[in-house]
Amino acid sequence: MDRIRIVGGNQLHGVIPISGAKNAALPLMIASLLTDDTLTLENVPHLADVEQLIRILGNHGADISVNGRRERQGESYARTIHFTSRNIVSTTAPYELVSKMRASFWVIGPLLAREGKARVSLPGGCAIGTRPVDLFIEGLAALGANIEIDGGYIDATAPEGGLTGGRYVFPKVSVGATHVLMMAATLANGTTVIGNAAREPEVADLAKCLNAMGAKITGAGTGTITIEGVRSLSGARHRVLPDRIETGTYAMAVAMTGGDVILEDTDSSLLETALEAIRRTGAEISETNSGIRVVRNGAGIRPVDIVTDPFPGFPTDLQAQFMGLMTKSSGVSHITETIFENRFMHVQELARLGAKISLSGQTAKIEGVSRLKGAPVMATDLRASVSLVIAGLAAEGETMVSRVYHLDRGFERLEEKLTRCGAHVERVSD
Ligand code: EPZ
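Scoring rules and cut-offs
Residues numbered from 1 in each chain as written. Predicted model: local features only at pLDDT ≥ 70, side-chain atom pairs only at ≥ 80, totals over all residues. Heavy atoms only, no water. UniProt positions renumbered as here; feature names shortened; annotations may be inferred. Near = heavy atom within 4 Å. Polar contact = N/O pair within 3.5 Å; in protein donor to acceptor, adjacent residues only side chain to side chain. Helix = DSSP H or I, 4+ residues; strand = E, 2+ residues; numbered from the N terminus. Pairing = 2+ DSSP bridges. Contact = heavy atoms within 4.5 Å. Axes fitted to C-alpha atoms, helices over the stretch in contact; angles between N-to-C directions. Core = buried A, V, L, I, M, F, W, Y, C linked by side-chain atoms within 4.5 Å. Buried < 20%, exposed > 50% of the residue type's maximum accessible area, 1.4 Å probe, protein only. Domains from an automatic or database assignment.

Per an unreviewed UniProt entry, the protein chain goes by UDP-N-acetylglucosamine 1-carboxyvinyltransferase and derives from Rhizobium fredii. Under the UniProt heading Sequence similarities (unreviewed entry), the note attached to the protein chain is "Belongs to the EPSP synthase family. MurA subfamily." As recorded by UniProt, the Catalytic activity (unreviewed entry) comment attached to the protein chain reads in full: "phosphoenolpyruvate + UDP-N-acetyl-alpha-D-glucosamine = UDP-N-acetyl-3-O-(1-carboxyvinyl)-alpha-D-glucosamine + phosphate".

So this is what it looks like as structure tokens:
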């Protein structure tokens, strides 16, 4: 199994190209099941989660072709992928496939809308909390679906004549349930209004693509989304938006090591709250013609408190990385996680590098230390693992991160991007 070896101490200098967003690419790929025409997605990142979803869509009958210009240095990493689901050959998403990645559960929306039925295994994914599916069930029921749970599967059926438009106000913000309800409602009879919808940029990106396919969606990116159902959707070509979590991660890496880096092909408006928090730690962040410039020279890292929240708040997917940064701050900071109840697994691993962190309920108290020391550490989930990389970059000596497959789910060519900026990071295959 691969490991990542980091020798800490180098500053980062150079340019880091930001990939297409994993969390936009996944729902966009799933949306291809809504049409018998071809959906072409550009700027799709090459990640384990994308490959896994390709397998899942293939199981439903999607014909998928990839043209990629990848691998050569200096060229775009992005890939263009064509998805054609002329016929849905199976409306069942089996446990063996769905248990590996939670987002694959989202096929329930398009399958139900297009075929009138779906049998989808209850999901797996990163072990960061209980992550129930009650909001999906209630939302789809509001469109007239009949839903039963049977042997670890959800059996959803639409009434004769298909789903009907409805009104559903989420009691709690859910990104995935918003994606699913929006996709299902595109082909329902009549109009659907979703209240307390997730406002994440990936929801707006999905709506933009669905509208290009012929859907009638307004309000995506706000708390109220209105979808006027249409009879069918066509193909389209859509470019996946930049990965705001990857952008924030590398910005924090520079804030941690010091240096001067341009983050290319991204957009600061996708992560203003996080960039503001990084600024408050003492890094300078500015817009340039070629991208977001992050600089930290000489000055230490100031302690900053954050609380995670749905967009536009501080993203939970950057919480672990920010904690990595705070381990070397010049004082005491507090990080409160409000989205997931078990997203602090990086705490004990950061402690192995010398971090001083104590937990009280959903809040971590981080007492900054002046030096971290490299150690063997274990990745526990996707974002937790990259927080160990950030800490390792600023630790003295060697940090060896095992269980790297977590990183490969969400960070495209991490070691290459960091190495080109002067870091000592390499993949070791045993
Ligand atoms: C998406 O997960 C992201 N995944 C997550 O990123 C991200 O952390 C999360 O949104 C929050 O921003 C993708 O986009 C593929 P939710 P999702 O439904 O949709 C509870 C990463 O590292 N909930 O918004 O699964 C749930 O338990 C991943 O890239 C219910 O209670 O998250 C959580 O506490 C990890 N009932 C909260 O809502 C439900 O039916 C928010 O979850 C559904 C969710």
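Caption draft 1: Seen up close, the site of the ligand. Neighbouring the ligand are 24 residues, the closest being Asp 134, Ser 174, Asp 317, Ile 339 and Arg 383. The separation between an oxygen atom of the ligand and a polar main-chain atom of Pro 132 is 3.2 Å. The separation between an oxygen atom of the ligand and a polar side-chain atom of Ser 174 is 2.7 Å. Every element with two or more residues in the shell around the ligand is listed here: α1 (22-31), α5 (134-141), α6 (175-186) and α12 (382-393). Ranked by residue count, the leading element in the shell around the ligand is α5, at three residues.

Caption draft 2: Examining the sheet that holds strand β7 (residues 117-121) more closely. Overall, mixed pairing links the four strands, which are arranged β6-β7-β9-β8 in an open sheet. Each edge of the sheet is formed by a strand with only one pairing partner; in this case those strands are β6 (92-93) and β8 (146-150). Bridge count for β7 against strand β9 (residues 153-157) is five bridges, and the pairing is antiparallel. Within the sheet, the bridge partner assigned to Arg 119 lies in β9 and is Asp 155. Sheet strands touched by helix α4 (residues 108-115): β7 and β9. Its angle to β7, the strand with the most contacts, is close to 160 degrees.

Caption draft 3: Examining the nonpolar core more closely. Counting 143 residues, the largest nonpolar core has Met 182, Leu 210 and Phe 322 as its most contacted members. Counting residues per element, this core draws most heavily on helix α8 (residues 244-257), which supplies eight residues. If you count residues domain by domain, this core takes at least three from each of domain 1 (2-19 + 242-429) and domain 2 (22-229). Other than its neighbours up to four places away in sequence, Met 182 contacts Ile 194, Val 203, Leu 206, Ala 207, Leu 210, Ile 217, Ala 220, Ile 225 and Ile 227.

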